[in-house]
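# Results of the structural survey
These are the residues of each chain, in order.
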Amino acid sequence: MTLLLPILSVAPRRVRHPQTLAVALVLSLVTASAFAQKAHQHGHAQMQLTLSASGQLRLQLQGAMDGFLGFEHRPRNDAQRAAVEALRQQTLLADAVIALPAEAACRLTASEGRSMLFDPAPAKGTREGHADLELVQTFQCQTPSVLTGAAGRKTGLEVSAFKHFTRLRTLELSFVVESGPGGADTGSRRLQRGKLQRIHF
Ligand SMILES: [Zn+2]
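Every value quoted in this text rests on a predicted model; they were computed, and no experiment measured them.

### Some remarks on the overall build of the protein
When you go through the protein residue by residue, the secondary structure sums to 5 helices and 11 strands. Relative to its full complement of 201 residues, the protein shows a buried share of 26%. Across the protein, every contact between residues at least 6 apart in sequence was considered, and the portion connecting residues at least 24 apart equals 70%.

### Details of the confidence of the model for the protein
Across the protein, the average pLDDT comes to 81, with 74% of residues at or above 70. The lowest-confidence element of the protein is strand β1 (residues 7-8), averaging 41 in pLDDT; the highest-confidence one is strand β4 (residues 56-64), averaging 98. Within the model, pLDDT remains below 50 along residues 1-34, and this stretch shows 40 contacts once partners closer than five positions in the same chain are excluded.

### Some thoughts on the pairing of β4
Where strand β3 (residues 44-51) and β4 come together, 7 bridges link them in antiparallel fashion. When the bridges of β4 are listed, Ala-45 appears paired with Gly-63.

### Re the pairing of strand β10 (residues 183-192)
Bridge analysis of strand β9 (residues 170-178) against β10 gives 9 bridges, and the strand direction is antiparallel. What sits directly across from Thr-170, in β10, is Gln-192. Between the end of β9 and the start of β10, which pair antiparallel, lie 4 residues, with Gly-180 showing a positive phi angle near 100°.

### Overview of the nonpolar core
Grouped together as the largest cluster of nonpolar side chains are 40 residues, with contacts concentrated most on Met-47 and Leu-171. Take this core: its biggest share by element is 5 residues, from β9. Once residues within four sequence positions are removed from consideration, Met-47 is found in contact with Leu-59, Leu-61, Val-97, Leu-171 and Leu-173.

### Quick notes on unusual backbone geometry
The phi torsion of most residues other than glycine is negative, and most of the peptide bonds are trans. You will see that Ala-105, though not glycine, has its phi angle at about 50°, which is positive. Tracing the chain through its elements places Ala-105 in the loop between β5 (98-99) and β6 (106-114).

What counts, and at which threshold
- Residues numbered from 1 in each chain as written.
- Predicted model: local features only at pLDDT ≥ 70, side-chain atom pairs only at ≥ 80, totals over all residues.
- Helix = DSSP H or I, 4+ residues; strand = E, 2+ residues; numbered from the N terminus.
- Buried ≥ 20, exposed ≤ 12 C-beta atoms within 10 Å, placed from the backbone.
- Contact = placed C-beta atoms within 7 Å.
- pLDDT = per-residue confidence, 0-100.
- Pairing = 2+ DSSP bridges.
- Core = buried A, V, L, I, M, F, W, Y, C linked by C-beta atoms within 7 Å.

See below:
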């Protein structure tokens, strides 16, 4: 079935700068500030993927909890407590929001889901309201060229978030591919439920 899904290449925008560290720093500052300014919007999330030249893939996702859980208040009964715990467990899985091709030989090395709903007791003075989910995952890939198409094989990766979270409607994707000394490719793409399931860096 996945073979029939539409495949779309995200056109990269090449950035060149003589100082690799400066580029990496600027990119991370730009993307970090853009991340922080995004408004809380139900059914919407932002995801950033950063692939280093050594094959480390870092995933950062942030979105309104409603898109992942269906509610944003603290659990009020056993069913809601179980739903929160199931979500917390899901964030620990390698395919929580993306499914990487086996050919890339990626291994999940760290994963952490954060939300105020995951805290057993609210801090004093905390007001109930909207809640977000943040997910940070790190993978180490033996053959990262499979992800970028640099080896001539554009396998791409599957966005599994829409499959797992049925209330999620849009995903704002940005990516950075650090391509060795002095360079990085960046790109962005807005993914919609039911329209795009596989992407290339
Ligand atoms: Zn909300």
